[in-house]
Amino acid sequence: MTSECGDTAWLDTVSIEPMKPDDLDHVLAVERASFPSAWSRESYLRELGSPNSYYFVARRAGTIIGHAGMWNVSDEAHISTLAVHPDCRCRGLGSRLLGHLIAIARHLGLLNITLEVREVNYTARSLYHRFGFEEKGLLRRYYGDTGESAVVMCKTLVPEDRSGRTQ
Ligand SMILES: CC(C)(COP(=O)(O)OP(=O)(O)OC[C@H]1O[C@@H](n2cnc3c(N)ncnc32)[C@H](O)[C@@H]1OP(=O)(O)O)[C@@H](O)C(=O)NCCC(=O)NCCS
């Protein structure tokens, strides 16, 4: 996969699509390669059955190479996952998936978008900062698998006007 990911037009060949149960074999492979504790198939099936969940895959040449998801809780969006296959990182796909979630949240008229990120995950924290997320606090020993702390990050959303443009 690495050799296919290098050219500049690469990102244009990736489509972002709603996640379906049939996608889960590939999603779980990316998940296992990306997190110390991967979500299970059952967890994803529960998420896909929820009316308040929004999950997407990034597909290239028939293969899923990344995914992202969020929940709509009250007037907030909460990002629950964001992952790109290790062979396909640093090419803008994480940014594209994150931008997609933000656009959906804005379209839903939500006011804030929040997330937790491992304190030591400087790559993801830097990505979120670039998209305007601010660090709001630290949840000590938040992650049961490693005992790591989580940084809570939040971004205020600017609503869309009727033409679909952001104000
Ligand atoms: C976080 C993640 C989704 C980013 O995906 P990506 O496709 O590499 O993202 P992008 O190509 O859009 O790059 C985002 C930024 O991270 C930087 N970056 C990505 N991988 C990096 C690496 N291994 N080392 C240093 N910088 C890196 C990019 O240069 C870019 O920097 P910039 O914001 O200054 O431009 C990906 O690293 C990943 O799946 N990590 C494991 C799962 C994870 O931690 N998810 C976040 C949970 S909160």
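Computed from a predicted model, the values in this text were never measured in an experiment. (Residues numbered from 1 in each chain as written. Predicted model: local features only at pLDDT ≥ 70, side-chain atom pairs only at ≥ 80, totals over all residues.)

### Regarding the environment of L11
For the record, the criterion: Secondary structure elements follow DSSP: runs of H or I no shorter than four residues count as helices, runs of E no shorter than two count as strands, and numbering proceeds from the N terminus.
Mapped onto the secondary structure, L11 falls in the segment before β1 (15–18). Expressed as a C-alpha distance, the spacing of L11 and R60, which sit 49 residues apart in the sequence, is 9.0 Å.

### Side note on helix α1 (residues 24–34)
We count it as follows: Counting other C-beta atoms within 10 Å of a residue's own tells you its class, since 20 or more makes it buried, 12 or fewer makes it exposed, and anything in between is partly exposed; those C-beta atoms are placed from the backbone. Each C-beta atom gives one direction from the helix axis, and the arc is the one those directions make. This entry defines residue contacts through backbone-placed C-beta atoms, with two residues in contact when those atoms are within 7 Å.
Among the residues of α1, those classed as buried are L24, V27, V30 and E31. Taken down its axis, α1 places every buried residue within 125° of arc, on the same side. As for α1, its buried residues are in contact with α2 (41–48), β2 (53–60), β3 (63–73) and β4 (76–84).

### Some points on the site of the ligand
The condition that has to hold: The criterion for a residue being near a molecule or strand is a backbone-placed C-beta atom within 6 Å of that molecule or strand. Classification used: nonpolar for Ala, Val, Leu, Ile, Met, Phe, Trp, Tyr, Cys and Pro, charged for Asp, Glu, Lys and Arg, polar for all others including Gly.
Neighbouring the ligand are 19 residues, the closest being V84, R89, G94, S95 and A124. At five residues, the largest contribution of residues to the shell around the ligand is made by helix α4 (residues 122–130). Residue composition of the shell around the ligand, by class: nine nonpolar, seven polar and three charged.

### Describing the sheet that holds β2
Threshold: In this scheme, strands are said to pair when DSSP sees at least two bridges between them. To define axes, lines are fitted to C-alpha atoms, for helices over the stretch in contact only, and angles between the resulting N-to-C directions are given on a 0 to 180 degree scale.
Read from one edge to the other, the open sheet built from seven strands follows the order β1-β2-β3-β4-β5-β7-β6, with strand pairing classed as mixed. Every other strand in the sheet has two partners, leaving β1 and β6 (134–139) as the edge strands with one partner each. Neighbour to neighbour, the strand axes of the sheet diverge by 25° on average, direction disregarded. In terms of strand pairing, β1 meets β2 through four bridges, oriented antiparallel. Residue pairing in the sheet places I16 in a bridge with A58 of β2.

### Section: the pairing of strand β5 (residues 112–118)
Applicable threshold: If you view a crossover with the strands going away from you and the path from the first strand over the helix to the second runs clockwise, you call it right-handed.
With burial as the criterion, only one face of β5 is covered, namely that bearing I113, L115 and V117; the residues N112, T114, E116 and R118 on the opposite face remain uncovered. One ladder, built from three bridges, connects β4 with β5; its direction is parallel. The residue bridging H78 from the neighbouring strand is T114, located in β5. As a crossover connection, the stretch from β4 through helix α3 (residues 93–107) into β5 is right-handed. Summarising the sheet, β5 and strand β7 (residues 150–156) pair through seven bridges and their orientation is antiparallel. Note that in β7 the partner of V117 across the bridge is V151.

### Focus: unusual backbone geometry
Excluding glycine, residues mostly have negative phi values, and the peptide bonds linking residues are mostly trans. The phi dihedral of S74 is positive, around 55°, even though this residue is not glycine. You can see S74 is positioned in the loop between β3 and β4.

### What about the nonpolar core?
Our working definition: For the purposes of this analysis, a nonpolar core is taken to be any set of buried Ala, Val, Leu, Ile, Met, Phe, Trp, Tyr and Cys residues that are connected through C-beta atoms within 7 Å.
Core analysis: the biggest nonpolar cluster contains 36 residues, and L97, L101 and A105 have the highest contact counts within it. Only α1, β2, β3, β4, α3, β5 and β7 provide two or more residues apiece to this core. Among the elements that take part in this core, α3 stands out by supplying six residues, more than any other. In this view, L97 contacts I16, F56, A58, G66, A68 and L82; residues no more than four positions away in its chain are not counted.

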